[in-house]
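# Secondary and tertiary structure notes
Letter by letter, the chains look like this.
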Amino acid sequence: MTTTVADFIVERLHQWGVRRIYGYPGDGINGVFGALARANGKIRFIQARHEEMAAFMASADAKFSGELGVCIATSGPGASHLLTGLYDARMDHMPVLAIVGQQARNALGGHYQQELDLLSMFKDVAGAFVQQAAAPAQVRHLVDRSIRTALGERRVTALILPNDLQEAAYQAPPHEHGTLHSGVGYSKPRVVPYQADLQRAADLLNAGKKVAILVGAGALGAGDEVIQVAETLGAGVAKALLGKAVVPDDLPWVTGSIGLLGTKPSYQLMNECDTLLMIGSGFPYAEFLPKEGQARGVQIDIQPDMLSLRYPMEVNLQGDAGETLRALLPLLERKTRRTWRKRVERWRGQWETTLERRAMASAEPINPQRVAFELSPRLPDRAIVTCDSGSCANWLARDVKIRQGMLCSLSGGLASMGAAVPYAIAAKFAHPDRPVVALVGDGAMQMNNMAELITVAKYWQQWQDKRWICAVFNNQDLNQVTWEQRAMEGDPKFEASQSIPDVAYHRFAESIGLKGIFVDREDAVAEAWEQALAADRPVLIEFKTDPNVPPLPPHITLAQAKAFASTLLQGDPDQGGVIRQTTKQVLGAILPGKGKRGQ
């Protein structure tokens with residue numbers, strides 16, 4: 001049988017190590033789907049319910065596997081639907097290849113049905129490499145270069161395939177002028193700064209008396225080195241949310257997440273340090289970093305355009321986090337005085353007390369913090385946790401403790417709603433032997449995540465470990481934005497935009513063969529987690545949570561306090577509950593025993 005261009009592409013992808021493709025079919029990409037069918041399972045196709053979800057899955061697969069993520073879609077609307085998920089990958093520096101169909105070459109430029117200018121459309125999200133194939137001999141180097149670019153630059157790339165070209169007979173490029181003869185393979189280089197620059201960094205860090213370390217996603221896989229550096233320097237370690245799994249939270253000098261969703265000890269760490277070491281983080285909010293001039297800085301990042309961008313650093317080291325830290329360690333002097341470290345540990349201990357008081361404060365009907373708080377000690381070893389954007393990300397950031405060997409991620413740079421369930425699905429395909437938990441708000445469930453439960457129902461029996469849990473925080477409110485309206489804009493809750501319908505999510509899960517659990521009592525939260533983790537199939541737990549529990553920032557500014565006061569003066573539709581729950585949360589942080597159940 002004649003090898004088609006599509007057959008060649010599928011075989012070439014396999015040679016590059018691609019084993020999973022997420023997507024949705026359509027006539028513009030039928031040639032590649034026919035080739036996938038003829039490949040007899042060499043590459044597994046995972047059918048999402050929507051192309052946007054497929055792109056989120058490819059982004060998450062890259063995050064959780066460390067390999068290339070691949071998604072596929074038809075021409076026109078199929079291609080355009082990919083964009084949000086692809087932007088998620090781009091913003092979080094993930095290597096993802098998008099393969100999309102296009103109308104026949106003879107029709108291009110003729111305003112044909114589903115003909116879009118895909119080169120222009122993908123130019124921003126896949127600007128590192130986006131090309132439309134025109135001839136069979138061209139596809140070899142297009143596939144090779146798109147993958148090598150994605151892996152080497154940690155970027156999104158896109159390959160556009162006219163539908164008639166997919167079915168054409170494949171022809172290798174001839175040995176003549178005007179042809180290219182590319183090859184398969186990419187090996188990640190060892191990227192380490194020069195010794196003189198490492199010494200400059202070491203001298204600065206050795207001189208610091210109060211060292212703070214901030215780690216992000218670029219430090220994943222370098223946790224052991226981060227711990228060694230922190231122990232040597234007597235430093236505290238804060239984590240950007242994408243770096244939550246870099247170091248375990250059970251270390252007493254790990255202060256947790258930073259930023260609006262972060263912890264008070266991380267805020268104190270940044271405000272009182274005299275030296276900052278930032279590793280693999282693009283954390284964007286300067287107000288949560290030291291004031292300019294307060295601290296001397298060293299930054300390590302594999303990407304030069306991220307260096308000295310968030311804070312003016314004295315020493316900028318381009319390099320792989322683990323390799324650079326290993327080269328730096330012999331130059332560091334162990335600090336014998338541990339006054340700073342003890343202060344950091346004291347802050348952390350006080351914060352843990354505050355967290356428990358806040359989580360155990362009664363609410364109507366369930367305090368959402370308690371949902372995450374009760375999950376934390378029950379997470380199985382090697383669990384993978386995903387989360388959506390919204391108020392549930394606050395509770396992940398503060399109340400869920402990540403242990404050694406766990407993985408954790410969400411839509412970081414893009415902060416898109418709707419990523420948690422597709423992330424959790426991709427986590428299962430990348431690691432079918434590991435338990436997975438997704439934390440999702442009801443807004444994201446209604447937006448697009450409910451449909452992807454059907455994907456779970458389709459595939460779960462093929463997973464080695466059947467533990468896949470989706471926890472829905474059902475508060476009938478687009479809660480994060482509601483609180484932003486109150487605390488940042490000084491506006492009362494706008495019910496027309498913020499209130500959403502009540503949906504029986506657990507019953508929908510049951511209707512498609514999953515297990516559903518409904519919880520509307522705080523004393524049933526822990527038992528629900530235990531029941532879900534012991535189930536023989538994927539589970540959706542619907543927690544009926546109180547929208548009036550405030551996601552308090554680690555530090556309340558005067559502007560925020562004035563805005564909140566303005567909200568109450570104008571009259572908020574949920575004013576009574578807002579005042580009660582805010583009082584409990586604030587008093588629970590400063591008065592012993594206040595804010596606990598029944599008080």
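Residues numbered from 1 in each chain as written. Predicted model: local features only at pLDDT ≥ 70, side-chain atom pairs only at ≥ 80, totals over all residues. Heavy atoms only, no water.

Attention now moves to the overall build of the protein. Per the secondary structure count, the protein includes 23 helices and 18 strands. Taking 25 Å as the expected radius of gyration for a compact globule of 599 residues, we find that the protein reaches 25 Å, a close match to that expectation. In terms of principal-axis extent, the alpha carbons of the protein reach across some 80 × 65 × 45 Å. Looking at the 599 residues of the protein, the share that counts as buried comes to 59%. Restricting the contact set of the protein to residue pairs at least 6 apart, pairs at least 24 apart contribute 75%. Summed over its atoms, the accessible surface of the protein is roughly 23400 Å², and 50% of this surface lies on carbon and sulfur atoms. With 63 positive and 63 negative side-chain charges, the protein shows a spacing of 6 Å between the two charge centroids. (Helix = DSSP H or I, 4+ residues; strand = E, 2+ residues; numbered from the N terminus. Rg over C-alpha atoms; globule rule 2.2 N^0.38 Å. Buried < 20%, exposed > 50% of the residue type's maximum accessible area, 1.4 Å probe, protein only. Contact = heavy atoms within 4.5 Å. Areas by Shrake-Rupley, 256 points an atom, 1.4 Å probe, with all protein chains shown as cover. Lys, Arg positive; Asp, Glu negative; His and termini not counted. Charge placed at Lys NZ, Arg CZ, Asp CG, Glu CD.)

Attention shifts here to the sheet that holds strand β18 (residues 539-544). Spatially, 6 strands are ordered β14-β13-β15-β16-β18-β17 in an open sheet, and the strand pairing comes out parallel. In this open sheet, the two strands that pair with only one neighbour each are β14 (407-410) and β17 (515-519). Strand after strand, the sheet turns through a mean of 15° between neighbouring axes, direction not considered. Pairing of strand β15 (residues 436-441) with strand β16 (residues 468-474), which is carried by 6 bridges, proceeds in the parallel orientation. (Pairing = 2+ DSSP bridges. Axes fitted to C-alpha atoms, helices over the stretch in contact; angles between N-to-C directions.)

Glancing now at the nonpolar core. Counting 60 residues, the largest nonpolar core has Leu86, Val96, Phe122, Met445 and Trp468 as its most contacted members. If we skip the residues at most four places from it in the chain, Val96 touches Ala58, Ser59, Ala62, Leu68, Gly69, Cys71, Leu86, Ala89, Ala150, Arg155, Val156 and Thr157. Grouped together as the second largest cluster of nonpolar side chains are 54 residues, Ala212, Ile227, Ala238 and Leu277 included. (Core = buried A, V, L, I, M, F, W, Y, C linked by side-chain atoms within 4.5 Å.)

What the 6 strands build is an open sheet, ordered β2-β1-β3-β4-β6-β5; its pairing is parallel. Each having just a single partner strand, β2 (44-47) and β5 (129-132) make up the two edges of the open sheet. Each adjacent strand pair in this sheet contributes to an overall mean axis angle of 20°, direction not counted. Relative to the sheet, helix α7 (residues 139-153) contacts β4 (96-102), β5 and β6 (156-162), its axis offset from that of β5 by approximately 165°.

For the rest of this paragraph, the subject is the packing of helix α9 (residues 195-207) against helix α12 (residues 321-328). Relative to each other, α9 and α12 sit at 70°, their axes nearing to 10 Å. Here α9 lies roughly perpendicular to α12, going by the angle between them. Considering how the two elements wind past one another, α9 and α12 form a crossing that is right-handed. Here Leu198, Ala201, Ala202 and Leu205 of α9 come into contact with α12, specifically with Thr324, Ala327 and Leu328. In terms of residue class, the contact of α9 with α12 is built from 6 nonpolar, 1 polar and no charged. (Parallel < 35°, antiparallel > 145°, perpendicular 65-115°, else oblique. Left-handed = near helix turned anticlockwise from the far one by under 90°. Nonpolar A, V, L, I, M, F, W, Y, C, P; charged D, E, K, R; others polar.)

Burial runs high along β6: 7 of the 7 residues are buried. Side chains of β6 alternate between two faces, with Val156, Ala158, Ile160 and Pro162 and Thr157, Leu159 and Leu161 buried alike. Relative to β6, β4 runs parallel, the two sharing 7 bridges. Bridging across to β6, Ile99 finds its partner in Leu159. Sheet topology note: the β5/β6 ladder contains 4 bridges and is parallel. Bridge pairing in β6 links Gln132 to Ile160.

With that settled, consider the packing of aromatic side chains. Under the counting rule described, the total for this entry stands at 11 aromatic pairs. When the centroid spacing of 4.0 Å and the interplanar angle of 5° are considered together, the rings of Phe8 and Tyr170 count as stacked. In this pair, Phe8 sits in helix α1 (residues 5-15) while Tyr170 sits in the loop between α8 (163-167) and α9, placing the two residues 162 residues apart along the sequence. Here Phe8 falls in the buried class, since its relative accessible area comes to 13%. According to the relative accessible area criterion, Tyr170 is buried, its value standing at 18%. (Phe/Tyr/Trp six-rings, centres within 6.5 Å; stacked < 30°, edge-to-face > 60°.)

The subject of this paragraph is the UniProt feature "domain: Thiamine pyrophosphate enzyme N-terminal TPP-binding" (unreviewed entry) in the protein. Sites flagged by UniProt as "domain: Thiamine pyrophosphate enzyme N-terminal TPP-binding" (unreviewed entry) map to residues 4-121. Annotated as 45% helix and 17% strand, the span residues 4-121 places its first and last C-alpha atoms 27 Å apart. (UniProt positions renumbered as here; feature names shortened; annotations may be inferred.)

Attention shifts here to unusual backbone geometry. Going from Glu364 to Pro365, the amide bond is cis rather than trans, its omega being 0°. When you line up the elements, Pro365 lands in the loop between α13 (339-360) and α14 (368-375). For His93, which is not glycine, the phi torsion reads 60° and is therefore positive. Structurally, the position occupied by His93 is in the loop between α5 (83-91) and β4. In the Ramachandran plot, Ser308 falls in the positive-phi region, its phi being about 50° despite a non-glycine side chain.

Our focus in this paragraph is the confidence of the model for the protein. Residues of the protein with pLDDT of at least 70 account for 96%, and the chain-wide mean is 94. Note on residues 590-599: pLDDT under 50 across the span, and 23 contacts to partners over four residues away in sequence or across chains. (pLDDT = per-residue confidence, 0-100.)

Once that is clear, we can look at the environment of Asp442. Locating Asp442 in the fold gives a position in helix α17 (residues 442-459). Separated by 35 residues in sequence, Asp442 and Asp477 place their C-alpha atoms 7.7 Å apart. Residues within four places of Asp442 in sequence aside, it is in contact with Val472, Phe473, Asn474, Asn475, Gln476, Asp477, Ile500 and Tyr505. Within polar-contact distance, the side chain of Asp442 engages the backbone nitrogen of Gln476 at 2.7 Å. (Polar contact = N/O pair within 3.5 Å; in protein donor to acceptor, adjacent residues only side chain to side chain.)

On to the UniProt feature "domain: Thiamine pyrophosphate enzyme TPP-binding" (unreviewed entry) in the protein, then. Feature annotation in UniProt assigns "domain: Thiamine pyrophosphate enzyme TPP-binding" (unreviewed entry) to the following positions: residues 388-543. Measuring from the first to the last C-alpha atom of residues 388-543 gives 15 Å, for a span that is 43% helix and 17% strand.

Moving on: the environment of Val254. Its location among the elements puts Val254 in strand β9 (residues 254-257). Owing to a relative accessible area of 1%, Val254 belongs among the buried residues under this scheme. It is 34 Å that separates the C-alpha atoms of Val254 and Phe518, two residues lying 264 residues apart in sequence. Residues in contact with Val254, not counting those within four places in the same chain, are Val237, Lys239, Val247, Pro248, Asp249 and Arg348.

The next point concerns the side chain of Asp477. Here Asp477 is to be found in the loop between β16 and α18 (479-487). Residue classification places Asp477 among the buried residues on the basis of a relative accessible area of 3%. Polar contacts involving the side chain of Asp477 include one to the side chain of Lys493, which spans 3.1 Å.

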